[in-house]
Amino acid sequence: KQEVTQIPAALSVPEGENLVLNCSFTDSAIYNLQWFRQDPGKGLTSLLLIQSSQREQTSGRLNASLDKSSGRSTLYIAASQPGDSATYLCAAITQGGSEKLVFGKGTKLTVNP
Amino acid sequence: GAGVSQSPRYKVAKRGQDVALRCDPISGHVSLFWYQQALGQGPEFLTYFQNEAQLDKSGLPSDRFFAERPEGSVSTLKIQRTQQEDSAVYLCASRPPGRDSPLHFGNGTRLTVT
């Protein structure tokens, strides 16, 4: 059974800092891994999707990497801004025909001006 | 529509009441998912539809939970005889065919059972 863990549970940084959020998964046979952002009282917004054959994906100030052999993914945020404050969740689809995403509990990020 | 729409936004039910939560997916999205999110937790999978077919309902916590999508568009999640542990945010998501398409989530329905 796939389990996804995110560390740390919460992170507070000053504006402008570069930061890394960590995600680990127990079953390396993943189909893809996705990073989402969730603002308070809102649904999830897809940020990046990394297919199992890829090592990383980039979108603006965001870069996500995937290392299946170690069961890890990281989300790198460059030059953080107060507007980046949100909860970031990673989720994986396991190979084998299942369609469901298995989520971690998220990392709550606060960027202080 | 512009995005996934869920209604009601908030629902308060007395223990033992039945509730129905509605999801309008993005037009043309054949895949539809329901997730349950408890406070401070990540979303937990409930069930998945491809068009009108419910292909995976392994996450439904009990037989009090029932989901349908009769015409392959709007979906309804029904919870019978609600219990306090059912209190959570219920999220609906849709996507085009293919697991490499990202999920689009609605803002959820917050259910509080008193």
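Note: the structure precedes this text.
Please read all numbers here as calculations on a predicted model, not as lab measurements.

Chemist: Can you walk me through the interface of chain B and chain A in this structure?
Modeler: Size of an interface: often given as the accessible area lost when the parts come together. Taken together, the contact pairs 22 residues of chain B with 25 residues of chain A. Taking both sides of the interface into account, the surface hidden between chain B and chain A amounts to around 1,800 Å²; carbon and sulfur atoms contribute 50%. Among the residues of chain B in contact with chain A, B:Arg99, B:Asp100 and B:Phe105 are the three that bury the most area, contributing 36% of the side total. Residues B:Arg95 and A:Glu99 are paired through a salt bridge, measuring 2.2 Å at the closest nitrogen-oxygen approach. Our enumeration of links across chain B and chain A arrives at 7 residue pairs in polar contact (both at pLDDT 80 or more). Looking at the side of chain B that touches chain A, the elements that each hand over two or more residues are β4 (31-37), β5 (44-50) and β9 (88-95) of chain B. A total of 3 residues in the side of chain B that touches chain A trace back to one element, the largest contributor, which is β4(B). By residue class, the composition of the side of chain B that touches chain A is 9 nonpolar, 8 polar and 5 charged.

Chemist: Any chance you could explain the pairing of strand β7 (residues 62-67) of chain A here in plain terms?
Modeler: Strand residues, when the strand is regular, have side chains that alternate between the two faces of the sheet. Residue and element names in this part refer to chain A. Relative to β7, strand β6 (residues 56-59) runs antiparallel, the two being bridged by 4 bridges. Of the residues in β7, the one forming a bridge with Thr58 is Asn63. As consecutive antiparallel partners, β6 and β7 are separated by 2 residues, and within that stretch Gly60 has a phi angle of approximately 60 degrees, a positive value. Of the strand pairs in this sheet, β7 and strand β8 (residues 72-77) are connected by 6 bridges, and their pairing is antiparallel. Bridge pairing links Ser65 to Thr74 in β8. Connecting β7 to the next strand, β8, in antiparallel fashion are 4 residues, including Gly71 with a positive phi near 70 degrees.

Chemist: So what exactly am I meant to see when it comes to the sheet that holds β7(A) here?
Modeler: Strand pairs in the sheet, formed through backbone hydrogen bonds, run parallel or antiparallel to each other. All names here are of chain A. Pairing within the open sheet is antiparallel, and its 5 strands lie in the order β1-β3-β8-β7-β6. Every other strand in the sheet has two partners, leaving β1 (4-7) and β6 as the edge strands with one partner each. Here the average twist between neighbouring strands, direction ignored, is 15 degrees.

Chemist: Any chance you could explain the packing of aromatic side chains here in plain terms?
Modeler: Ring pairs (aromatic) are described by centroid distance and by the angle formed between their planes. For the coordinates displayed, the defined rule picks out 9 aromatic pairs over all chains. In textbook terms, an aromatic cluster arises when at least three aromatic residues are bridged by ring pairs, as seen for A:Phe36, A:Phe103, B:Phe33, B:Tyr35, B:Phe45, B:Tyr48 and B:Phe105. Seen from the ring of B:Tyr10, B:Arg9 lies directly overhead, with NZ or CZ sitting 5.5 Å from the centre. Positioned above the aromatic ring of A:Tyr31, the side-chain terminus of B:Arg99 is 3.9 Å from the ring centre.

What counts, and where the lines are drawn
All residue numbers refer to position in the chain's written sequence, counted from 1. Whichever chain is written first is A, and whichever ligand is written first is 1; the rest continue in order. In keeping with the predicted nature of the model, local features appear solely for residues at pLDDT of at least 70, side-chain atom pairs appear and are counted solely at 80 or more, and the whole-chain, interface and lining totals rest on all residues. Note: side-chain values were computed over all heavy atoms of the structure, leaving out hydrogens and water. Between two residues, a contact is recorded if the distance between any of their heavy atoms is within 4.5 Å. The term buried area refers to how much accessible surface (probe radius 1.4 Å) is lost by two components on association, counted for both of them together. A carboxyl oxygen of Asp or Glu within 4 Å of a side-chain nitrogen of Lys or Arg is what we treat as a salt bridge. Two N or O atoms form a polar contact when they lie within 3.5 Å of each other; inside protein one atom must be a possible hydrogen donor and the other a possible acceptor, and for residues adjacent in sequence the pair counts only when both atoms belong to side chains. Helix numbers and strand numbers start at the N terminus; a helix is a DSSP run of H or I with at least 4 residues, a strand a run of E with at least 2. Think of it as three bins: nonpolar holds Ala, Val, Leu, Ile, Met, Phe, Trp, Tyr, Cys and Pro, charged holds Asp, Glu, Lys and Arg, and polar takes everything else, Gly as well. In this description, strands pair whenever DSSP reports at least two bridges between them. All axes here are fitted lines through C-alpha atoms, helices being fitted over the stretch that makes contact, and every angle between N-to-C directions spans 0 to 180 degrees. Note on aromatic contacts: the rings of Phe and Tyr and the six-membered ring of Trp form a pair at centre separations within 6.5 Å, being stacked when their planes are under 30 degrees apart, edge-to-face when over 60 apart, and tilted otherwise. Charge-over-ring contacts are defined here by two conditions on Lys NZ or Arg CZ: a distance within 6 Å of the ring centre and an angle within 35 degrees of the ring normal.

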